Every structure is written in structure tokens, then in C-alpha cells.
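Each chain, written out:
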Protein chains: 2
Amino acid sequence: MDIRKLFFDNPARRRIYVRKGNVEVALAEVNLSPTRLRDGTSRPNSPVRIYDTSGAWFDESFHFDPSRGLPKLRSDWIQKRKGLEIVSQTESSHKNPFGERKILRAAKGVSPTQLWYAKQGIITPEMEYVALRENLAFLNGIENKISVSSPQNSLFLQHSLPGQSVEITPEFVRSEIACGRAIIPANINHAELEPAIIGRNFLVKINTNIGNSPMASSIEEEMEKMLWAIKWGSDTLMDLSTGKDISLTREWIIRNCPTPVGTVPLYQALEKVGGIAEDLSWETYRDVLIEQAEQGVDYFTIHAGVLREFLPFAAARMAGIVSRGGAIMAKWILAHERENFLFEHWDDICDIMASYDVAFSIGDGLRPGAIADANDKAQFGELKVQGELARRAREKNVQVMCEGPGHVPMQMIKANMENQSAWCDDAPFYTLGPLVSDIGAGYDHITAAIGAAQIGWYGTAMLCYVTPKEHLALPMRDDVREGVVAFKIAAHAADLAKGHPGAQYRDNAMSLARAEFRWNDQINLSFDPGRAKAFRARGDAEFSRDNSGAHHCSMCGPRFCSMRASLEIKDKLGNPMNLEEDTPGLSCDI
Amino acid sequence: MDIRKLFFDNPARRRIYVRKGNVEVALAEVNLSPTRLRDGTSRPNSPVRIYDTSGAWFDESFHFDPSRGLPKLRSDWIQKRKGLEIVSQTESSHKNPFGERKILRAAKGVSPTQLWYAKQGIITPEMEYVALRENLAFLNGIENKISVSSPQNSLFLQHSLPGQSVEITPEFVRSEIACGRAIIPANINHAELEPAIIGRNFLVKINTNIGNSPMASSIEEEMEKMLWAIKWGSDTLMDLSTGKDISLTREWIIRNCPTPVGTVPLYQALEKVGGIAEDLSWETYRDVLIEQAEQGVDYFTIHAGVLREFLPFAAARMAGIVSRGGAIMAKWILAHERENFLFEHWDDICDIMASYDVAFSIGDGLRPGAIADANDKAQFGELKVQGELARRAREKNVQVMCEGPGHVPMQMIKANMENQSAWCDDAPFYTLGPLVSDIGAGYDHITAAIGAAQIGWYGTAMLCYVTPKEHLALPMRDDVREGVVAFKIAAHAADLAKGHPGAQYRDNAMSLARAEFRWNDQINLSFDPGRAKAFRARGDAEFSRDNSGAHHCSMCGPRFCSMRASLEIKDKLGNPMNLEEDTPGLSCDI
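A few points on the structure.

Cut-off values and rules
Residues numbered from 1 in each chain as written. Chains lettered and ligands numbered in written order. Predicted model: local features only at pLDDT ≥ 70, side-chain atom pairs only at ≥ 80, totals over all residues. Heavy atoms only, no water. Buried < 20%, exposed > 50% of the residue type's maximum accessible area, 1.4 Å probe, protein only. Helix = DSSP H or I, 4+ residues; strand = E, 2+ residues; numbered from the N terminus. Contact = heavy atoms within 4.5 Å. Pairing = 2+ DSSP bridges. Right-handed = clockwise from strand over helix to strand, strands pointing away. Axes fitted to C-alpha atoms, helices over the stretch in contact; angles between N-to-C directions. Parallel < 35°, antiparallel > 145°, perpendicular 65-115°, else oblique. Left-handed = near helix turned anticlockwise from the far one by under 90°. Nonpolar A, V, L, I, M, F, W, Y, C, P; charged D, E, K, R; others polar. Buried area = accessible area lost by both parts, 1.4 Å probe. Salt bridge = Lys/Arg side-chain N within 4 Å of Asp/Glu carboxyl O. Least-squares fit on C-alpha atoms with pLDDT ≥ 70 in both. Phe/Tyr/Trp six-rings, centres within 6.5 Å; stacked < 30°, edge-to-face > 60°. Lys NZ or Arg CZ within 6 Å of the ring centre and 35° of its normal. Disulfide = S-S within 2.5 Å.

Quick look at helix H17 (residues 413–423) of chain B
Residues and elements named next belong to chain B.
Line of reasoning, step 1. For H17, every residue scored as buried is listed here: Ile413, Asn416, Met417, Asn419, Gln420 and Ser421.
Line of reasoning, step 2. The inward-facing, buried residues of H17 abut helix H16 (377–395), strand E15 (400–404), strand E16 (429–432) and helix H18 (444–458).
Line of reasoning, step 3. A positive backbone phi angle near 50 degrees is found at Asp425, which sits one or two residues after H17.

If you want it as C-alpha cells, here you go:
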């Protein structure tokens, strides 16, 4: 795996750091080419700054050695927190290849969580960090710096959405966390993390699921999936390994992943009891929680809402239970004829989570896995319980988000968001898709992106990606790329629809590049410049059949180019573009 | 190009014919495997009948020789119409490789259009055909034939949507056409056509654009794109060729395409005047209309709504005019300082269209090509004119649909549908996407499918596909496949959301196949069985590393399989599946 080659494939994009207040955030900057004008001069185009999830892997000065891990951005911030103790590492199932780490844990009675600080009115460095990182408008200078008289940007101003608030302040971030509407999953033992915020009033995030299975994949393959995920913009990562070396795989991931990392601790617990769901116990599960919290997992999916009373509804379904965690807990409940032990031990779980600032992602073990099962009693029964659990967690200062479906037809999506907001007091919603049909096998990243864009627009804070392999096979790195980009599109579409300040800046830059035939800029501004470039190059190969040597695009040629005609029309109607006459390349849609 | 190999790649699918009343419609039937039960017996599963667009290319008895063309399904129906005359073919730019054809045209004063018949209260064979073809509920026998006591289908009944009307009658079709809410594009010179209906109260249709450019592609490549489009389910085809052999390419396409074929006649007119937009004239354009109407084109995109008064609004835009037809007409208007000649000659155009029953697809030459330009004065000004033109066309008994955008962010999509319905009196809406962001280059089939699914749900009758090559290069056959399947997903999602009777039947069959581990059925029920099978096979290759010889899926293995757990849960809770214990293969989503 050539990591440098993966991240440094595009000379027009680089990682930059912007400082404001006490924090310095990393971003990607896309350099644009100048617009060449008729009079022989050229007009520069400001670079476009975009949210970047690549971490130090996209920093040229990095050591690029996974066995040394990422720099510990948050070390100083964490060390300044009061009431933290260094503990010796709980027995782990693997020898740590990264050597001994100092394990942090809160002293008794202390909850060093972002939620606790927010409630006290304290703005943490993490809050400052995300406030700056989210503020695309400020970062692109479209708040104060633009005036109509600066021609290269006037179109942005002209087309900016009216009535937008363009500043996302640290205080706003704090207030959203305090009321539970947003979370910053950031375990005190994951100092490598570049903080990100998940909440309906922020950029919509996407999650990538990776992880081996008992049948397939290795640590190296999982590391590669992680790197591919962050390269294409994944905001959080779930390691759902169920196969060999669960702990060791996770160690490699956490030490090298700049985004929040989530897990489903139940999987490791099940492995510990030899795969027999009936043999699970609170004690086994608790030990796994602590081991993973010490390792630095930032959020746990916990299926505590799968209550005994809902199982008959699930059993009557067409597709039954499709969540692995939900199915395991259902088996345990039926075997023991008792209530879900995760529900019973909720307060104990909260106490553990609060000690490390691990956030909850309350699982939806009864989510529908078929259109026929959408929005049924099993699903909504569990969702109400998720709300109750969320309230109890917040009282204990633990950050919470809630997971959602699944397979839901379009006309039934909105009810999911509305019920979740109402029943869970606006806790961030985190959905798998939803997939708007059952028959998209081989293309389910699209089936799911359709539903995800909609529910993101309605207010869902994070969208769990789906790959083309969904329902068919374990996704590998190429599938990760397809799934991540499909969901970046869905999330960005939702940001536009929600009117996130500055979200449209990149679209406008793209459209202006189209209007001005700046082909390289179009490629570099897209979600996947490598692919756009390859497609364009193949198009160029097509038109080379023409042998004329002329600069025309394979789509239309010069006579049918609407963009070229638009230039003439603008010239005639008093809005001249003044582009150089032999600007190469033509662009259109038909 | 091995046509047989393309269409006969899946032994579980075959073409069948169902007769009702006076018509016999073709469908695809997907055979399902039986469910193997614990007691050693097996339970058959009814085949699922799905809408099929492949025509005789999917009929084993066909001659498979493109130079002989498709069988003329509609010949008898057309010959029974009164007032048709045989005319000698107008001079064409190519020698017809299919030999001399009888060209039909209406006698003076006669309008042999579906709209005219509908207005007279007459049900045509085409109306009968589409009524049967659309009636998925009837065709799958879920109207009367199911009872709860027939176990293999009881789940369908249990999960069928409440309150659905399951019968689409010929009279309903007639009434929808009479009021202009639906059209059957079916030129009297395209007897090879298998009729399809386009309207908000029917299955959402998708259109595939093919066509060469001056720079790329050949007749054989275009034929291949056509075959790939209908293989994966394209409902109509637009030949947008702008390069060499425009007429001849179209002849090959029409004689071999079982779906309606549309064109933008302006492209050929422009070629006729050497590519100089200013040299276009009504006379040149009229001759092209007649030539193409005689050939059998079923619908024409005509950019008559691009009026002079709107051009300043378009010139002020970020992306100007992105429609080729719109840009050509704008250039003509500015050069001549006159109103759009297509608008001026609208009545003449209607008279020609009525004589052959060519339907209008009134172009949206000023559709937005950037998020920043969505729903602006140029676009909505033209849309109002489209409504006026639609009314005038209907008065002359010409069937009409209206084209729509383009690039539109999600929160602005609904206004497009609502305005179009109001201003165009519910004429079928036919949109390009819409693309919900500008920055999806390389993945714009996804950006567009997200918007398409939504606008389809809101009532758009046909969705023009977008391929991954959009904005980058001329799409070739692999891109056609990607675009068609993405849009089949969007259209089907819209059918589900609208509650089209019977649409969910296939989803239910898929979900039941998942619950019962019938892997081959899952593959065969998907939109692209070839791809699903390949993905699954790769997954199987993964798990073969395990070398255990056990039948477990690469995703989860046996312990983590939620579907296997669901079986046990159903057994315990009184809804037993009774599946054979060693049912191979496991399926889940995580």
C-alpha cells in the first residue's frame, strides 16, 4: 500500500492550516487556475477551501509510518482537564504494537465530557476547533472580504442565498451541545482525533463501516479501507470487525485514524463467549466496554432499546431482524426469558462512558430491513425507548446520538425524522441510508443515497454509508470509495437544501469553472478528481479520432456547445465574460 | 456485438406474453426457486412478472438480424384507422437500408392521434395495451387470486399497502389521455413500437439519451447503446446525434427499437445549414420535422418557449444556457433580433405533428445548469410559455409533455413540479435529473438519481437519465448501463412512494428471498442480475479463504448472521419459517 501515492495524487489540492483564536484547523485548499481574458491578461480565481478528513496523512511533513501512529493533536487540551487519572491498562487480548500508552480515566464523580463542559458554560478547545472547521463561509472569506467590485468573486456574492447566517461561533457550538442537539465524539484516550461535530445545525456527516468478518479480510486490508475512507471524505469510521484479531485491528485503526471511531462492543463480547449469544453476560460486556474505552473508541453502538415486548412484532415481519446487534440481543432475551441486560445496566454503562467521554450511538436493533417492515411497531417502539435512554444518558453527562433505519420508502422517511426529533429531544439522528427500495442489489449505494439525501435535508446529522456490495458481500476498498463518494454527494445535497452557510460556495466555483471552460478546476473541485480526470481523459481519447487537432470536447463538438454559445449571448446582452477566444475545451450538459 | 448473449444471460428470466381483451402484452417473468422446508418438502414460489422493455430482442424466436428490424406489432391497429394516406417518402439524406417503407400520413383535416381518439371516447389498442402492461397487480395475480391460506404468498397480502386500487383499466387510460394528463407517444410510422404510457398516474418512466457527436461514436456503437438501454429497462430513447449520418443512424435505431424514440430535430436542421445557427430557417426546420415524422420518431423536443424577453435573465446567470437547443435558438434570436421562429410557427408545427401522431416534448431551453441558477426568471418564464404552448397543441389534438430541469437543490424541487402542474395543466413532466448539486462530476448519475426520485414521487412522469460521464465526456455503452440502472432505482422508488398498485410486489418477493436465504432469487429479482451475481461471486471467493467448506457468507459468518438469528426468533415466537436447517448462504445488512 503506497500511502503517499494515495493522498498526493492531485497537485491542485493541498492541506493547509488556519488559525483563529486558540485553535488551528486543517483544511484542504483547492487551487484554481486563472481565467484567461481576451485582452491577454488573466484574472486570478481564489482557491476554494473545503472540509478535509484526511488528517496528517495529507500533510507532506508527516512520517507516513502507521506503526508510529498519528500526532496527538489533543494531548495538551486533554491534559488541562481536571480530574483525570492515569490508570494501568486493563488486560487486553493483544500485545500493543504501539508500546505502552498512558490510559486516562476520570476520577470518581468527574464527567470530563463535552456535554458536561457545555452545561457548565465552558467552551472546550474541541468546540473552538469544530466551530472554525464548520465555518466554510468564513474560511472562504465570503463574509466580509467580498465586494461586488472584486470581479472574480462577484458571482458568488450575487448568488449567495439570502438571509444566511454566515458565522458558526464556539458559543453556538457549546449551546448546541449543552441542549443535546449536537455531539463531539472524542474519547480522552483518542488524542489523535481531529474533532468533528455531529448535529442537525452543522454540516451533515457521513460514516464509513469497515471491519473484517470471520471469513474475510486482514489488518492491512482494514487499514487500507480506513485510509480510503478518510481520503474520500468520511467523517467517522466504524470498525465492525467480527473476525480475527478484533482488538489488535482496532488498535491499528484508532492510532491512525484522524476521525472519530465507533464500534459495536457486542461483537467483541460475543467472540469472547465463543459466539454463543446465550452465554453473553453483563460482566463480559462491561469488560469489553472498558477495554475499548481505554483504547480510545469515540462512540459505542449499544442496542439497549431492543426490549422483550417488541420481539413478537419483529417476529411477525417479512424480514425479521436485520441488525446483527439486535438479533444477538433478541436471541439472548428469548434464551433467558429476561429483559435486555443492556437496558437493565444502562446506568452502569453511562458511568463507564462518562469516565472516558465515549458517546452513545443508541442502536436501532429493530430497524426495518424491508420496505414492507418500515415504520412498524417494532421499529417505533424501540425508537421511543431510545429517547428514554437518551434522556438518562444526558443526565449522566454522556453525549448521545440515536441510530435509525434501514429500508424505508420515500413517503415514509419524514415520519422517521419527526418522531426521532420528538421522542429523542433532538438528539442527533444517525441513519443507515435509508434504502428506498429492496431491489437495488449491486447498486444499493444509490438506493441508499436517495433516502440519505432526503433524511439529511430533514435534519439527520449523520448518514451511514452503504456500498454497492450491500446485501451481497463484504465491502473491500474499492467499494468503500464508491460508498463514501455516493454519501458525500447525499450529505452535500442535504447541506445545500438546509442552507448551511458557505456550502454552495464550492458549487458556485464549479459552475463558474464550467462557464469559463476551466476543465482542470472542474476536475479538482469534484468529490473524486481522480475519477473525473480519468473519465475526461477517455473522452479526450474519443475525440482524438477526429485527428483535427482542434480543441473540442467529445460530447458536442464546437457547433453544439451550449456553453460556447452562452459566452456569445452574455457578450451580446451586456454581461460579457471576455474569455480568450481559443479557450480550449468545451463543456455542456445536453 | 453478440446480441443473444446480451439478452439471454439469465436463465431465470424469460419473456412471456399475457393476453387480455384484444391485446397481448409482453413481460419478463422471473422464476423463483422453491423454499426448502424442514420436513424435506419444498414450497413453490410464484414467479414475479415485471415490466419489460426489451422487445423481440428478448424473444427466443426472433431473427436477431438488425438489418431486418423488429416485427411490426402495431401494423394492423394502425391500418384500421380512418383517414390515413400512403405518401411517397420525402427526400431523405440517406439511402434506406431497410428498403422502401410505406409512409403513412393523415389526410387533410384528420388527426389520428391518441389524444383525438381519447377525446372521442374511443379506446385504441394502444390504450388497451398499456392498461394491461401497467397493471402489475393483475399480472402478478395479487388482486383476486391470493388468499391468506396460500402460504407461499400470504406475506405479500399481509404487507400489501392498504387502500390501493389494483386495477388500471383501458377506460382509465383513455380518460387520462383525454384530459392531457398522460400520453402514448406512438408515431403511425413506428409500427415496431410496444406502446408505453407516460403520465403521473402510471409507472414512472425513464429515458435514455444516446447519439453520436461530431467527435465520437459510430452507427454500430449507437445501436449497441440502444440495445443496452432497453436490456436494463429504459422506457424511451432519445437519439441526440449531432455527428455524421444523423438520418441513417436514426433509421437503424427506429427500425430496431421497441420503445418510443424521441429526437431534437433542431440538431439535424443545424447540420443542414452547416452548423451556423444564424442560417436556420423555418423552411429548413419544417423539412426536418417531416423527414423525421415519416421515419417514425415518436416525440420531438422543440425549444419554442425560449423567448426573446427571457434572454437577458439567462445572460445574467452563473452558467448561462446549458441546453444545446436553447443556446442555438438564443443565438438565432439575437442574430435576427426577432422572436423564436419555433414559437412563431407553433400552429404549423402542431399540424405536422398531428398528421403522424408525433408527441411534443416541449423543451426547456433555459433550464438551470447550476444550483445558483435554479428556479430563476429565465426558467420559470419559459415554463409558463410551455404551458401556453401545451394548451394550443392539445387544441390541435397533439399529445404533449413538458421538459424540466436540470440543476436544482432539493429544497427547490417541489416548486418545479407544482408550477409545472399548475401552469401546464398537468401535462406529463419530463425532467433531466434534477441534479441536486454541481460538484458530482464522475458520479452525476447519483447526483441526478437523488433529485429524480424526489421529483418522480411528486408527480413527474418521466425521468431523463444522467450517466457518470455527464459534464465530462460522451457516454458509451457501459455508461448507459450505469445511468439506466440508477434511474430504474429512482423511478421504482417513486412508484413505491406514489403507491403504484403492485409496485411493491417485487420488493416483497426480494425481501422474502432474503429472509429465506434464496440467494439466486435475490440476484434474479434485482435490476442487474449480472452485476449482483458477480459481486456475490467475489464475496464467495473471499470466504473460500476460510477453507472450511462451510456454507457461510463472507459478510458475517454464521455467528453474526442476523437473518439466521431471525429464523430462530420467528420459530420461538410462533411465526416459524420452517426452513431446512442447512440452507446454504446467509444474508444481512449490518
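Still to come is the rest of the account.
Section: the pairing of strand E10 (residues 205–210) of chain A
Residues and elements named next belong to chain A.
Line of reasoning, step 1. Counting buried residues along E10, six of its six residues qualify, which places the element largely inside the surrounding structure.
Line of reasoning, step 2. Side chains of E10 alternate between two faces, with Lys205, Asn207 and Asn209 and Ile206, Thr208 and Ile210 buried alike.
Line of reasoning, step 3. Examined bridge by bridge, E10 and strand E17 (residues 462–464) share three bridges and lie parallel to one another. Looking across to E17, one finds that Asn207 is bridged to Cys464.
Line of reasoning, step 4. In terms of strand pairing, E10 meets strand E11 (residues 236–239) through four bridges, oriented parallel. Within E11, the position partnered with Thr208 by the bridge is Leu237.
Line of reasoning, step 5. Tracing the backbone out of E10, into helix H8 (residues 219–231) and back to the parallel element E11 gives a crossover that is right-handed.

Thoughts on the packing of helix H19 (residues 477–498) of chain A against H18 of chain B
Line of reasoning, step 1. Between H19 of chain A and H18 of chain B, whose axes approach to 10 Å, the crossing angle comes to 45 degrees. In terms of axis orientation, H19 of chain A runs oblique to H18 of chain B. H19 of chain A and H18 of chain B meet at a crossing whose hand is right-handed. For the pair H19 of chain A and H18 of chain B, the contacting residues are Ala486, Ile489 and Ala490 of chain A in the first and Ile446, Thr447 and Ile450 of chain B in the second.
Line of reasoning, step 2. Grouping the constituent residues of the contact of H19 of chain A with H18 of chain B by class yields five nonpolar, one polar and no charged.

With respect to the environment of Phe535 of chain A
Line of reasoning, step 1. Along the polypeptide, Phe535 of chain A turns up in helix H22 (residues 529–543).
Line of reasoning, step 2. Put simply, Phe535 of chain A and Ile523 of chain A are twelve residues apart on the chain and 9.9 Å apart in space, counted from C-alpha to C-alpha.

What to know about the interface of chain A and chain B
Line of reasoning, step 1. Contacts between the two partners involve 129 residues from chain A, matched on the other side by 129 residues from chain B.
Line of reasoning, step 2. The contact between chain A and chain B buries some 11,000 Å² in all, and 65% of this surface belongs to carbon and sulfur atoms.
Line of reasoning, step 3. Where chain A touches chain B, the interface holds two salt bridges.
Line of reasoning, step 4. The partner of Glu568 of chain B in a salt bridge is Lys331 of chain A, with the nearest N and O atoms 3.3 Å apart.
Line of reasoning, step 5. The dominant element in the side of chain A that touches chain B, judged by the number of residues it contributes, is H19 of chain A, at eleven residues.
Line of reasoning, step 6. The class makeup of the residues in the side of chain A that touches chain B is 68 nonpolar, 33 polar and 28 charged.

Details of unusual backbone geometry
Most of the time, phi is negative for any residue but glycine, and the peptide bond is trans.
All names here are of chain A.
Line of reasoning, step 1. With omega at 10 degrees, the peptide bond leading from Pro405 into Gly406 counts as cis.
Line of reasoning, step 2. Topologically, Gly406 is positioned in the loop between strand E15 (400–404) and helix H17 (413–423).
Line of reasoning, step 3. The amide bond that connects Gly433 to the next residue, Pro434, takes the cis arrangement and shows omega of 10 degrees.
Line of reasoning, step 4. Note that Pro434 resides in the loop between strand E16 (429–432) and helix H18 (444–458).
Line of reasoning, step 5. The backbone phi angle of Asp245 is positive, close to 55 degrees, even though this residue is not glycine.

Here's the deal with the sheet that holds E16 of chain B
Residues and elements named next belong to chain B.
Line of reasoning, step 1. Within the closed barrel, the eight strands sit side by side as E10-E11-E12-E13-E14-E15-E16-E17. Their pairing is parallel. Neighbouring strand axes in the sheet, compared pairwise and without regard to direction, differ in orientation by 25 degrees on average.
Line of reasoning, step 2. The sheet contacts of helix H8 (residues 219–231) involve strand E10 (205–210) and strand E11 (236–239), and relative to E10 the element is tilted by about 165 degrees.
Line of reasoning, step 3. Packing of helix H11 (residues 282–295) onto the sheet brings it into contact with strand E12 (261–263) and strand E13 (299–302), and relative to E13 it is tilted by some 160 degrees.

Some points on helix H23 (residues 562–572) of chain B
Line of reasoning, step 1. Every buried residue of H23 of chain B is accounted for by Ser562, Met563, Ala565, Ser566, Leu567, Ile569 and Lys570 of chain B.
Line of reasoning, step 2. Elements that come into contact with the buried residues of H23 of chain B comprise helix H12 (311–315) and helix H13 (324–336) of chain A together with helix H20 (503–515) of chain B.
Line of reasoning, step 3. Gly574 of chain B, located one to two residues past H23 of chain B, shows a positive phi value of around 80 degrees.

Side note on the packing of H17 of chain B against H18 of chain B
Residues and elements named next belong to chain B.
Line of reasoning, step 1. Running from amino to carboxyl end, H17 crosses H18 at an angle of 35 degrees, the nearest separation of the two axes being 9 Å. Viewed along their axes, H17 and H18 form a crossing whose handedness is right-handed. Taken together, the residues of H18 that come into contact with H17 (itself represented by Ile413, Lys414, Asn416 and Met417) are Gly451, Gln454, Ile455 and Tyr458.
Line of reasoning, step 2. Per-class residue counts for the contact of H17 with H18 are four nonpolar, three polar and one charged.

A closer look at the relation of the copies chain A and chain B
Line of reasoning, step 1. Under the fitted operation, chain A is carried onto chain B by 0.0 Å of movement along the axis and a turn of 180 degrees, and the coordinates agree to an RMSD of 0.0 Å. Taken together, the rotation angle and the small translation identify this as a two-fold axis. When C-alpha positions in chain A are compared against the rotation axis, the closest is assigned to Ile450 of chain A, at 2.3 Å.

Remarks on the pattern of salt bridges
Line of reasoning, step 1. Under the counting rule described, the total for this entry stands at 70 salt bridges over all chains.
Line of reasoning, step 2. A salt bridge links Arg74 of chain A to Glu126 of chain A, with the shortest nitrogen-to-oxygen separation between them at 2.9 Å. Of this pair, Arg74 of chain A sits in the loop between strand E5 (48–50) and helix H2 (75–79) while Glu126 of chain A sits in helix H4 (residues 125–134); the two residues are 52 residues apart in sequence, bridging distant segments of the chain. Glu126 of chain A matches Arg74 of chain A in its accessibility class, with the two residues each being buried.
Line of reasoning, step 3. Of the charged contacts, one joins Lys225 of chain B and Glu222 of chain B as a salt bridge, the two residues approaching to 2.7 Å between their closest N and O atoms. Here Lys225 of chain B and its partner Glu222 of chain B are both found in helix H8, three residues apart, which amounts to about one turn of the helix.
Line of reasoning, step 4. Judged by relative accessible area, which is 2%, Lys225 of chain B ranks as buried.
Line of reasoning, step 5. Given the relative accessible area of 0%, Glu222 of chain B is considered buried.

A short note on the packing of aromatic side chains
The description of two aromatic rings rests on the distance between their centres and on the angle between their planes.
Line of reasoning, step 1. For the structure shown, the criterion picks out 36 aromatic pairs over all chains.
Line of reasoning, step 2. Ring centres of Phe8 of chain A and Phe64 of chain A lie 5.9 Å apart, and the angle between their planes is 70 degrees; on these two criteria the pair is classed as edge-to-face. Linking Phe8 of chain A in the loop between helix H1 (3–7) and strand E1 (13–20) with Phe64 of chain A in the loop between E5 and H2, this pair joins segments that are 56 residues apart in sequence.
Line of reasoning, step 3. For Phe8 of chain A, a relative accessible area of 30% gives the class partly exposed.
Line of reasoning, step 4. Ring geometry for Tyr267 of chain A against Phe560 of chain B: centres 5.3 Å apart, planes inclined by 80 degrees, an arrangement best described as edge-to-face. Highlighted residues: Tyr267 of chain A in helix H10 (residues 265–272) and Phe560 of chain B in the loop between helix H22 (529–543) and H23, drawn from two different chains. The burial state of Tyr267 of chain A is the same as that of Phe560 of chain B; both residues are buried.
Line of reasoning, step 5. Linked through ring pairs, Phe8, Trp57, Phe58, Phe62 and Phe64 of chain A together constitute an aromatic cluster.
Line of reasoning, step 6. The side chain of Lys20 of chain A reaches across the aromatic face of Phe138 of chain A, ending 4.3 Å from its centre.

Looking at the state of the cysteines
Line of reasoning, step 1. Enumeration according to the criterion identifies zero disulfides over all chains in this entry.
Line of reasoning, step 2. Of all cysteine sulfurs, the one in Cys402 of chain A lies closest to Cys424 of chain A, which takes part in no disulfide; the gap is 3.8 Å.
Line of reasoning, step 3. Exposure remark for Cys424 of chain A: the relative accessible area of 0% places this residue in the buried category.
Line of reasoning, step 4. Unpaired in this structure, Cys179 of chain B has its nearest cysteine sulfur neighbour in Cys402 of chain B, at a distance of 14 Å.

A few points about the sheet that holds E1 of chain A
Residue and element names in this part refer to chain A.
Line of reasoning, step 1. A sheet is described by the order of its strands in space; here three strands give the open sequence E1-E2-E5, paired in antiparallel fashion. Unpaired on one side and paired on the other, E1 and E5 mark the two borders of the sheet. When strand polarity is set aside, the average angle formed by the axes of neighbouring strands in this sheet is 45 degrees.
Line of reasoning, step 2. Strand direction decides the pairing type here: E1 and strand E2 (residues 23–30), joined by eight bridges, are antiparallel. When the sheet's bridge partners are listed, Val18 is paired in E2 with Val25.

Remember, this is a structural readout, not a statement about activity or role.
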